[in-house]
Structures are given as structure tokens and as C-alpha cells.
Amino acid sequence: LASNLATVLKSLLARATPDEAAQVVDMVWSLSDPLLRDKDQQVRAVAEEGVVEYAGVLTKELVMNAIIDNVLAMSHDEQEERRMTAMKLLGELSFVLGADVVKHKVSPEVVTLAQDSMFRVRKSAALHIGKVCRWVPKEHAVEELLPVYLTLAEDEIWGVRKACAESMSDVA
């Protein structure tokens, strides 16, 4: 199911009227959400890719109404895996959201997740902060996100530092 989320959504949207589109997206999100919260990491990874793929065919408004608030809520979940999933989705969905939304809604969550006590969440932030940097005004990226990136690059855990090295081209 997780690997076919985008295909299912595209098929349903092709048959839906403009008024039904939001309901279709809500329905597919209701299928996606439990997969994103699955205990199996492989299921979560495939569901993440499916959400990113189907978000690419949606309007900004549909993503804002049906998806982003749920992802932002997930970024505050007590389970580490869910915060990691939220960080990945925030980075990967930035291209759909536009500069203003990324600056005011996504960027503050990235800053918070980059300071998480769990190193795997910080590692996820390091891997995806560059994708967020691409979609905010340059001044914001330099003033707000670059200091966060530089802090992550000096993290005590080598995996976080390595993630910074891997995402360096996105940050630049």
C-alpha cells in the first residue's frame, strides 16, 4: 500500500471534481498517516517517499490543509521515529509550500528538531536542513538556518557531523 500511495491519489484525483479533491487528499492522508507511524522502519520509509511523491502533484493549498499541520504535529511527538519522519517530510515538502510558509512554519520546527536530545533526530535535521534552506529567502537561510547547520556540524555524535557533510551542497 505504501508504495502505491501516489498512484492511488493520482487515479482518484483524475476522477474527482474540484470540490471533491480535498476529500480525496484527506482520505489518502488517512491511509498514509498510520504507515508513517508504523513500527517497521522500511514501511515508514516507503510511506515517506509516497507522501513526497503525491504531494508533488497537489496544490499548495491541498498540502497545507491536509498534510502540513499533521506533519508539524508529528514533529512534537514523544517517539523519536516520528520526529525523524516529520523532519524528513518537512525538508522534502518544502518545495511545495513556498518561501513564506517554509520561513514561518517549517524553519522554526527545523531549528527545534536540530536541538533534539536524541541524536537520530538531529541527524535527520542535518540531512534535510539544506532542502529547507533552498526554499527560504537567502537572508533567512544565512541568519537563522546556517548557524543551526554549523552547530550540527560540531555535534558530539559523528553521525550527525557526517549528515552535515552529506547535506553541504544543499545548504550552499
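Because the structure is a prediction, the values reported are computed rather than measured. (Residues numbered from 1 in each chain as written. Predicted model: local features only at pLDDT ≥ 70, side-chain atom pairs only at ≥ 80, totals over all residues. Heavy atoms only, no water.)

## Looking at the layout of surface pockets
It is a probe the size of a water molecule, rolled over the atoms, that shows where empty space is left. For clarity, the threshold we go by: Here a cavity means grid points, on a 1 Å grid over the protein atoms only, where a 1.4 Å probe fits yet cannot get out; a pocket means an open set of points with protein on both sides within 12 Å along at least five of seven lines; lining residues are those with an atom within 4 Å of a point. Grid points are joined across faces, edges and corners, and a volume is the space filled by probe spheres set on the points. Put simply, DSSP H or I for four residues or longer makes a helix, DSSP E for two residues or longer makes a strand, and each gets a number counted from the N terminus. Residues are grouped as follows: Ala, Val, Leu, Ile, Met, Phe, Trp, Tyr, Cys and Pro are nonpolar; Asp, Glu, Lys and Arg are charged; every other residue, Gly included, is polar.
Each pocket or cavity is described by its volume, and for the largest pocket that value is around 290 Å³. Considering the residues around the largest pocket, the lining is formed by 15 residues, among which Q41, E48, M84, R120 and S124 are closest to the centre. Going through the elements one at a time, α3 (41-55), α5 (80-97) and α7 (119-134) are the ones with two or more residues in the lining of the largest pocket. When residues of the lining of the largest pocket are assigned to their parent elements, the largest contribution, six residues, is made by α7. A breakdown of the residues in the lining of the largest pocket according to their chemical character gives four nonpolar, five polar and six charged. Looking at the second largest pocket, its volume works out to about 170 Å³. Around the second largest pocket, the lining residues are C133, R134, V136, K138, A141, V142, L146, D170, V171 and A172. For the lining of the second largest pocket, the secondary-structure elements that each account for two or more residues are α7, α8 (138-153) and α9 (158-171). Examining the composition of the lining of the second largest pocket, we find that four residues originate from one element, α8, more than from any other.

## Here we look at the packing of α3 against α5
Cut-off, in case you're wondering: Convention adopted: a line fitted to C-alpha atoms gives each axis, helices being fitted over their contacting stretch, and angles between N-to-C directions are expressed from 0 to 180 degrees. Throughout this description, any angle smaller than 35 degrees is read as roughly parallel, any larger than 145 degrees as roughly antiparallel, any in the 65 to 115 degree range as roughly perpendicular, and the remainder as oblique. Helix crossings are classified by the rotation of the near helix relative to the far one: an anticlockwise turn of less than a right angle makes the crossing left-handed, while a clockwise turn makes it right-handed. Here, two residues are considered to be in contact whenever any of their heavy atoms come within 4.5 Å of each other.
Interhelical geometry of α3 versus α5 gives an angle of 20° and a closest axis separation of 10 Å. What the angle tells us is that α3 and α5 run roughly parallel. Considering how the two elements wind past one another, α3 and α5 form a crossing that is right-handed. Of the residues in α5, those touching α3 at R44, E48, E49, V51, V52 and A55 are E81, T85, K88, L89, E92, L93, F95 and V96.

## Re the nonpolar core
As a reminder, the rule being used: To qualify as a nonpolar core, a set must consist of buried Ala, Val, Leu, Ile, Met, Phe, Trp, Tyr and Cys residues joined through side-chain atoms within 4.5 Å. Think of it in three bands: with a 1.4 Å probe and only protein chains considered, a residue is buried below 20% of the maximum accessible area for its type, exposed above 50%, and partly exposed in between.
Y54, L58, I67, L97, I129 and L152 are the most contacted members of the largest nonpolar core, which totals 56 residues. The dominant element in this core, judged by the number of residues it contributes, is helix α4 (residues 60-74), at nine residues. The residues contacting L152, other than those within four sequence positions of it, are A114, R122, A125, A126, V160, R161 and C164.

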